[in-house]
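# Summary of structural features
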Amino acid sequence: MMKIFSTAQNKNLSNIMLFVVRATVSSFMLVHGVEKFDTLYAGGPFEFPDPLGVGPAASLSLAVFAEVLCSGLLLVGFATRLVTIPLIITMYFAVFVIHGSHGFEKQELGGLYLLIYVLLLVTGSGKYSVDHFIYKRTRPEKP
């Protein structure tokens, strides 16, 4: 009964869950990113929010960069802390700028993505990642 209230962490289970969270959130975001990628390269006129004032095409390109390239790198756990930064910025603008006045229903999904990306920024990718493999190969030898 007391184990229910334990705050101890099982390191292996935590690493497995970091992998599951990374793989799930990046796969879901890739779906959104591929849709935007198709829109960007369809060649026709399109409408896209421009919260930075750089033009709809540039704003869409930045969103595609974050949602496709950064999500792909997040999926394999490569430079996790670095690639979460564009994703955090994208979700910040989606939640607080683009949907800021639209109410909770429009902000909820982006807010969940934002929370997960901040979590991954803080925790890193975990053991089951390219980051871990690189770290193991490059860390200094213990004396």
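Bear in mind the structure is a predicted one, so any value in this text is a computation, not a measurement.

### With respect to the overall build of the protein
Scanning the protein from N- to C-terminus turns up five helices and zero strands. Going from N to C terminus, the protein has its helices and strands arranged as α-α-α-α-α. When its C-alpha atoms are laid out on the principal axes, the protein stretches across 60 × 40 × 20 Å. A total of 143 residues make up the protein; the buried ones form 27% of that total.

### Describing the UniProt feature "transmembrane region" (unreviewed entry) in the protein
UniProt tags residues 12–34, 54–75, 82–100 and 112–130 as "transmembrane region" (unreviewed entry). Within residues 54–75, the helical portion is 91% and the strand portion 0%, while the C-alpha atoms at the span's ends are 29 Å from each other. Here residues 82–100 is 89% helix and 0% strand, with 26 Å between the C-alpha atoms at its ends.

### Comments concerning the packing of helix H3 (residues 80–98) against helix H4 (residues 104–123)
Put simply, H3 and H4 touch, their axes get as near as 8 Å, and they point 155° apart. Judged on the interaxial angle alone, H4 and H3 are roughly antiparallel. Considering only the axes of H3 and H4, their crossing is left-handed. Across from Thr 80, Arg 81, Thr 84, Ile 85, Leu 87, Ile 88, Met 91, Tyr 92, Val 95 and Phe 96 in H3, the residues of H4 making contact are Gln 107, Gly 110, Gly 111, Tyr 113, Leu 114, Tyr 117, Val 118, Leu 120, Leu 121, Val 122 and Thr 123.

### Comments concerning unusual backbone geometry
With glycine set apart, most residues show a phi of negative sign, and most peptide bonds adopt trans. Phi at Ala 79 is positive, roughly 55°, even though this residue is not glycine. For Ala 79, the position within the fold is in the loop between helix H2 (56–76) and H3. A residue is classified by how much of its surface remains accessible, and Ala 79, at 24% relative accessible area, is partly exposed.

### Focus on the side chain of Thr 90
In this fold, Thr 90 is placed in helix H3. Overall, the relative accessible area of 18% leaves Thr 90 in the buried class. With sequence-adjacent residues up to four places away left out, Thr 90 is seen in contact with Ala 66 and Glu 67.

Thresholds, definitions, all that
Residues numbered from 1 in each chain as written. Predicted model: local features only at pLDDT ≥ 70, side-chain atom pairs only at ≥ 80, totals over all residues. Heavy atoms only, no water. Helix = DSSP H or I, 4+ residues; strand = E, 2+ residues; numbered from the N terminus. Buried < 20%, exposed > 50% of the residue type's maximum accessible area, 1.4 Å probe, protein only. UniProt positions renumbered as here; feature names shortened; annotations may be inferred. Axes fitted to C-alpha atoms, helices over the stretch in contact; angles between N-to-C directions. Parallel < 35°, antiparallel > 145°, perpendicular 65-115°, else oblique. Left-handed = near helix turned anticlockwise from the far one by under 90°. Contact = heavy atoms within 4.5 Å.

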